[in-house]
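# Structure at a glance
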Amino acid sequence: MHVDHIQTHRNKKRKSIKKVMANKTCVYFFPVYAAGHLIAMIEFAKRLSTFGNSFFIHFLLILPDNPNHGSPLCSSYLQSLQAQNTAFQFHPLPFVEPPTSFNGTIEFLSLRTRSYMPHVKEQLLASPSPITALVLDVFASDAIDVANELNIPSYIYYTSNATSYALMSHFSCQKEENNPKDNLKVEAICVPGLVPIPLTCIEYLFSNRKSTFDKWFMHYGRRSNEAKAVILNSNNYLEKTAVEALVKGTPLAPDTKISGIYPIGPVISSDKNNSQEHECLKWLDRQPMKSVVFLCFGSTGAFDVSQSRQIASALEQSGHRFLWAIRTPSNEFLGFPTDGNLGELLPGGFIERTKERGLVWPSLVPQTDILSHEAIGGFITHCGWNSCLESLWFGVPMVPWPLHFEQHLNAFQLVNEMHVAIALELDRKEGFVSAKELERAIKCLMDEGSDEGRSVRKRAQEIKLACRKAVEVGGMSYIHLQNLATELGRQGVVHRLST
Ligand SMILES: O=c1ccn([C@@H]2O[C@H](COP(=O)(O)OP(=O)(O)O[C@H]3O[C@H](CO)[C@@H](O)[C@H](O)[C@H]3O)[C@@H](O)[C@H]2O)c(=O)[nH]1
């Protein structure tokens, strides 16, 4: 959605809304413009808005500084949202020149978000109705300062899982000398209330290999401790230990202001987006039930030639049907992968040799629609939390292939806590997986006679049912969401227009 679209849309709505505005308040959302964050937050807002209509929902948006830096998934999602005619209002913030001095991607994005704070304040002050809450992505939590200044309660909508939030919050209150980065010699990290977490799962967060992520991870942990409450896209069936510990407050900083934890998940994007006509789905219609292994690595995941060829070889040797979304990595700073250059990425003759049982799709795919298709029997995923939830929602067992951030931790949970995934051995330093190892994991997941496969398939079905029950009327996530909606609607008028 372009700025013009958003603004026209907003102007049309303003008129009709004016009439009923008198008794309503507003909840403002401030997401991060990335597929795993923006879409997840809007989907959460949709669900929240089904609980009565005592408030209007507004979104503050920092649009990408350059069209190549914005996830294509975000723009197509925003466009499809227009057709759904939600009552949400979007406010793209006026452009601010991006920072020129920074160390790595996360620092760039963090500094850029901070530079928008004057505009955030301006927008909130211009609100057409009193504001009862500001709901922030954790990576936009510097806006808590603005919320405090205007006496607006702030909430964090955390787009990943409860365990990684517990870690973030716990480490944020550690003194510099206890920086987990310095503990890299121990084998497991012990956080009060959590099961011990192997260091290999989190060293990516705390090693200096990837610029300053650890510094910002701790910074946002500290900021989120200043919020009134944290909303988690999880529940205490998926992550019993972490959710229960967080509800008790065990891993939180002693001086935290957080007084509520709302595990309301899973929230997934379930819109069909007219993708029924998509070639991948038509192809799946022709495949037997649960016969296809699906490979997709999130909004930013893409492999070089050498790794892509190992994947191709594993797929060929495994003998199983497959659907592989493949793209070419971008060399540009903040650039997104481009359509897969199949001639370069695949070994000669691969497509011809596998055409009876495989489809290679050189672009983004309608992931949730694919996962919901009955022909899908397994998912090889980079373990972005949304991808994990989508797979679980449709009862699809996984092979985790984590790439960045907290994805190694998510992979650990899928295998060791939820028992819905077959472990894959990867060289974490290089992120490399050999053809032999991938072939083994695919066979383990997909072979009918595989005991491990049978076990993860059964668990995936159990989790699917439990997740659906959790969000149904009366389910545990439903009740948390209902309580949150009541709190937001009841909060009283905490901020009045300045004029
Ligand atoms: O071809 C594709 C690829 C992805 N998706 C969708 O894009 C979203 C991707 O989200 P996610 O699986 O969470 O991956 P990332 O985009 O990599 O997510 C970022 O944000 C997540 C939530 O905070 C973190 O868990 C991840 O580590 C971080 O990389 C999902 O809804 C997918 O269905 C598509 O629809 N088509």
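For the protein chain, the name recorded in an unreviewed UniProt entry is UDP-glycosyltransferase 71K2, with Rhynchospora pubera as its organism. As recorded by UniProt, the Sequence similarities (unreviewed entry) comment attached to the protein chain reads in full: "Belongs to the UDP-glycosyltransferase family."

Note: interface size is frequently given as the accessible area lost on complex formation between the parts. Along its sequence, the protein chain is organised into domain 1 (23-268 + 472-497) and domain 2 (275-469). Between the C-alpha centres of domain 1 and domain 2 the distance comes to 28 Å. Contacts between the two partners involve 43 residues from domain 1 and, on the opposite side, 34 residues from domain 2. Roughly 3300 Å² is buried in total at the junction of domain 1 and domain 2, and carbon and sulfur atoms are behind 67% of that figure. When residues of domain 1 are sorted by the area they lose upon contact with domain 2, Y204, L238 and I268 head the list and together hold 19% of the total. Linking domain 1 with domain 2 are 12 residue pairs in polar contact (both at pLDDT 80 or more), by the criterion used here. The set of elements that each furnish at least two residues to the side of domain 1 that touches domain 2 consists of α2 (35-49), α3 (72-84), α4 (105-115), α7 (162-172), β7 (197-198) and α8 (199-206). When residues in the side of domain 1 that touches domain 2 are grouped by element, the largest group, 5 residues, is from α8. A per-class count over the side of domain 1 that touches domain 2 returns 22 nonpolar, 18 polar and 3 charged.

Taking 1.5 Å per residue, 15 residues should reach 21 Å; α2 reaches 21 Å between its end C-alpha atoms and fits that length. The buried fraction of α2 amounts to 12 of the 15 residues, a majority that puts the element mostly inside the structure. Listing the buried residues of α2 in full gives A35, H37, L38, I39, A40, M41, I42, E43, F44, A45, K46 and L48.

The next thing to look at is the sheet that holds strand β8 (residues 229-232). Backbone-to-backbone hydrogen bonds join strands into a sheet, with any given pair of strands oriented parallel or antiparallel. Taken in spatial order, the 7 strands line up as β3-β2-β1-β4-β5-β8-β9 in an open sheet, and their pairing is parallel. Both edges of this open sheet fall to β3 (89-92) and β9 (260-263), since each of them pairs with a single strand only. The average angle at which neighbouring strand axes cross in this sheet is 20°, direction not considered. Where strand β1 (residues 25-30) meets strand β2 (residues 55-61), 5 bridges bridge the pair, whose relative direction is parallel.

Let us now look at the sheet that holds strand β16 (residues 398-400). Strand order in the open sheet made by the 5 strands is β14-β11-β10-β15-β16, with parallel pairing throughout. For this open sheet the edge positions go to β14 (358-361) and β16, each flanked by a neighbour on one side alone. Each neighbouring strand pair of the sheet contributes to a mean axis angle of 15°, computed without reference to strand direction. Pairing between strand β15 (residues 376-381) and β16: 3 bridges, direction parallel. Directly across from F379, in β16, lies its bridge partner M398. Packing of helix α12 (residues 305-318) onto the sheet brings it into contact with β10 (292-296) and β11 (321-325), and relative to β11 it is tilted by some 165°. Strand contacts of helix α18 (residues 435-446): β10, β15 and β16, with the helix running at about 145° to β15, the strand carrying the most contacts.

Rules behind the numbers
- Residues numbered from 1 in each chain as written.
- Predicted model: local features only at pLDDT ≥ 70, side-chain atom pairs only at ≥ 80, totals over all residues.
- Heavy atoms only, no water.
- UniProt positions renumbered as here; feature names shortened; annotations may be inferred.
- Domains from an automatic or database assignment.
- Contact = heavy atoms within 4.5 Å.
- Buried area = accessible area lost by both parts, 1.4 Å probe.
- Polar contact = N/O pair within 3.5 Å; in protein donor to acceptor, adjacent residues only side chain to side chain.
- Helix = DSSP H or I, 4+ residues; strand = E, 2+ residues; numbered from the N terminus.
- Nonpolar A, V, L, I, M, F, W, Y, C, P; charged D, E, K, R; others polar.
- Expected span 1.5 Å × (residues − 1).
- Buried < 20%, exposed > 50% of the residue type's maximum accessible area, 1.4 Å probe, protein only.
- Pairing = 2+ DSSP bridges.
- Axes fitted to C-alpha atoms, helices over the stretch in contact; angles between N-to-C directions.

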